[in-house]
Amino acid sequence: GENVEQHPSTLSVQEGDSAVIKCTYSDSASNYFPWYKQELGKRPQLIIDIRSNVGEKKDQRIAVTLNKTAKHFSLHITETQPEDSAVYFCAASKGSNYQLIWGAGTKLIIKP
Amino acid sequence: EAGVAQSPRYKIIEKRQSVAFWCNPISGHATLYWYQQILGQGPKLLIQFQNNGVVDDSQLPKDRFSAERLKGVDSTLKIQPAKLEDSAVYLCASSLAIGTSRSFGQFFGPGTRLTVL
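Parameters and conventions
Residue positions are given per chain, counted from 1 along the sequence in the order it is written. For naming, the first written chain is A and the first written ligand is 1, with later ones following in the order written. Per-residue local features are limited, in this predicted model, to residues with pLDDT of at least 70; the limit for side-chain atom pairs, both in listing and counting, is 80 or more; totals at the level of whole chains, interfaces and linings are taken over all residues. Side-chain measures were taken over the full set of non-hydrogen atoms in the model, leaving aside hydrogen atoms and water. When a carboxyl oxygen of Asp or Glu is within 4 Å of a side-chain nitrogen of Lys or Arg, the pair counts as a salt bridge. We count a stretch as a helix when DSSP gives it H or I for four or more residues in a row; a strand needs E for two or more, and each element gets its number in order from the N terminus. Classification of residues uses two cut-offs on accessible area relative to the type maximum, computed with a 1.4 Å probe and protein chains only: under 20% is buried, over 50% is exposed, and between them is partly exposed. Note on contacts: a residue pair is in contact if any heavy atoms of the two residues lie within 4.5 Å. Side-chain atoms within 4.5 Å link the members of a nonpolar core, which is a set of buried Ala, Val, Leu, Ile, Met, Phe, Trp, Tyr and Cys residues. Pairs of strands are assigned from DSSP output, requiring at least two bridges between the strands. Every axis in this analysis is a line fitted to C-alpha atoms, fitted for helices over the stretch in contact. Angles between the N-to-C directions lie between 0 and 180 degrees. Pairing of aromatic rings covers Phe, Tyr and the six-membered ring of Trp, with a centre-to-centre limit of 6.5 Å; geometry is then stacked below 30 degrees between planes, edge-to-face above 60, and tilted otherwise.

Focus: the pattern of salt bridges
Residue and element names in this part refer to chain B.
So, step 1. Under the definition given, this model contains 4 salt bridges over all chains.
So, step 2. Among the ionic pairs, Arg 64 bridges to Asp 86, the shortest N-O distance being 2.5 Å. Of this pair, Arg 64 sits in the loop between strand S6 (53-56) and strand S7 (65-68) while Asp 86 sits in the loop between strand S8 (75-79) and strand S9 (88-95), and the two are 22 residues apart along the sequence. As far as the burial class goes, Arg 64 and Asp 86 line up, both buried.

Here it is as structure tokens:
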């Protein structure tokens, strides 16, 4: 079955710098890749997603890139701010059920 | 647009007791998911409904967990009897019907934090 690996598990960056989180997936049939942000004690929130027919998608300071050949996708956050501190989860999905296979999460720490 | 509603937000019970959680999805969302999230881990899917039918319950511990969505709208998840290892946050999510062009995004409720003593 599908497996999603996420790295790093913890990422600490200076405020204003960029942050990059990477995920790899095993099933080449996966065709939908969302990213969720979860602040402490809160629900996961969908922040950006990409489908397999697109290589890159951007929304203000966040962007996601997809490399289908290498089976990996990445979240890029530019000009990081304190409110970006959270755990970020990647996921992959395929098939008719669109069930999400989740990565283990990355704790992003923004240093002032 | 109202989001996914869940209740209660917190529940503390003793082991071997029973507990039930309620979820009301976003209006018009035919697909509903129950997840279990243990502290420090990602969400684990327990069961997926499409309208009032079960799409996948392969990871639901059926000896103690049950779920229903009788009218295809709101849903309940029950644990009976509870074990210590059931302590977790139970998240409900919904999305548009699977198979449609806009079916991908899953939107989560605030969750129910369950503590089993």
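Quick notes on the environment of Asn 52 of chain B
Residue and element names in this part refer to chain B.
So, step 1. With respect to the helices, strands and loops of the structure, Asn 52 is situated in the loop between strand S5 (44-50) and S6.
So, step 2. On a C-alpha basis, the gap between Asn 52 and Glu 68 in space is 7.7 Å, while along the polypeptide they are 16 residues apart.
So, step 3. The contact partners of Asn 52, leaving out residues within four places of it in the chain, are Arg 69, Leu 70 and Gly 72.

As for the nonpolar core
So, step 1. Core analysis: the biggest nonpolar cluster contains 23 residues, and Trp 35, Phe 73 and Leu 108 of chain A have the highest contact counts within it.
So, step 2. Taken together, the elements giving at least two residues each to this core come down to strand S2 (10-14), strand S3 (19-25), strand S4 (32-38), strand S5 (45-51), strand S7 (62-67), strand S8 (72-77), strand S9 (86-93) and strand S11 (106-111) of chain A.
So, step 3. Apart from the residues lying within four places of it in its own chain, the contact partners of Phe 73 of chain A are Ile 21, Lys 22, Cys 23, Tyr 25, Phe 33, Trp 35, Thr 65, Leu 66, Cys 90 and Ala 91 of chain A.
So, step 4. In terms of nonpolar packing, the next biggest core, distinct from the first, is built from 21 residues, Val 4, Ile 13, Ile 26 and Phe 49 of chain B among them.

A word on the sheet that holds strand S3 (residues 19-24) of chain B
All names here are of chain B.
So, step 1. If you trace the 4 strands from one edge of the open sheet to the other, you get S1-S3-S8-S7, paired in antiparallel fashion. The outermost strands of the open sheet, each flanked by one partner alone, are strand S1 (5-7) and S7. Averaged over all adjacent pairs, the angle separating strand axes in this sheet is 15°, with direction ignored.
So, step 2. Judged from the 5 bridges that link them, S3 and S8 form a sheet pairing that is antiparallel. Counterpart to Val 19 in the pairing with S8 is Ile 79.

Section: the packing of aromatic side chains
Centre distance and the angle of the planes are the two values used to describe a pair of aromatic rings.
So, step 1. Evaluated as defined, the whole model comprises 13 aromatic pairs over all chains.
So, step 2. Taking the centre distance of 6.1 Å and the plane angle of 55° together, the rings of Tyr 25 of chain A and Phe 73 of chain A count as tilted. Placement of the pair is Tyr 25 of chain A in strand S3 and Phe 73 of chain A in strand S8, with a sequence separation of 48 residues. Take Tyr 25 of chain A and Phe 73 of chain A: they sit in the same class, and that class is buried.
So, step 3. Plain terms: the ring middles of Trp 102 of chain A and Phe 108 of chain B are 5.9 Å apart, the flat faces sit at 70° to each other, and that makes the pair edge-to-face. Of this pair, Trp 102 of chain A sits in strand S10 (residues 100-102) while Phe 108 of chain B sits in strand S10 (residues 107-108), each in a different chain.
So, step 4. You can call Trp 102 of chain A buried: its relative accessible area is 12%.
So, step 5. Counting every residue linked through ring pairs, the aromatic cluster contains Tyr 36, Phe 89 and Trp 102 of chain A together with Tyr 33, Tyr 35 and Phe 108 of chain B.

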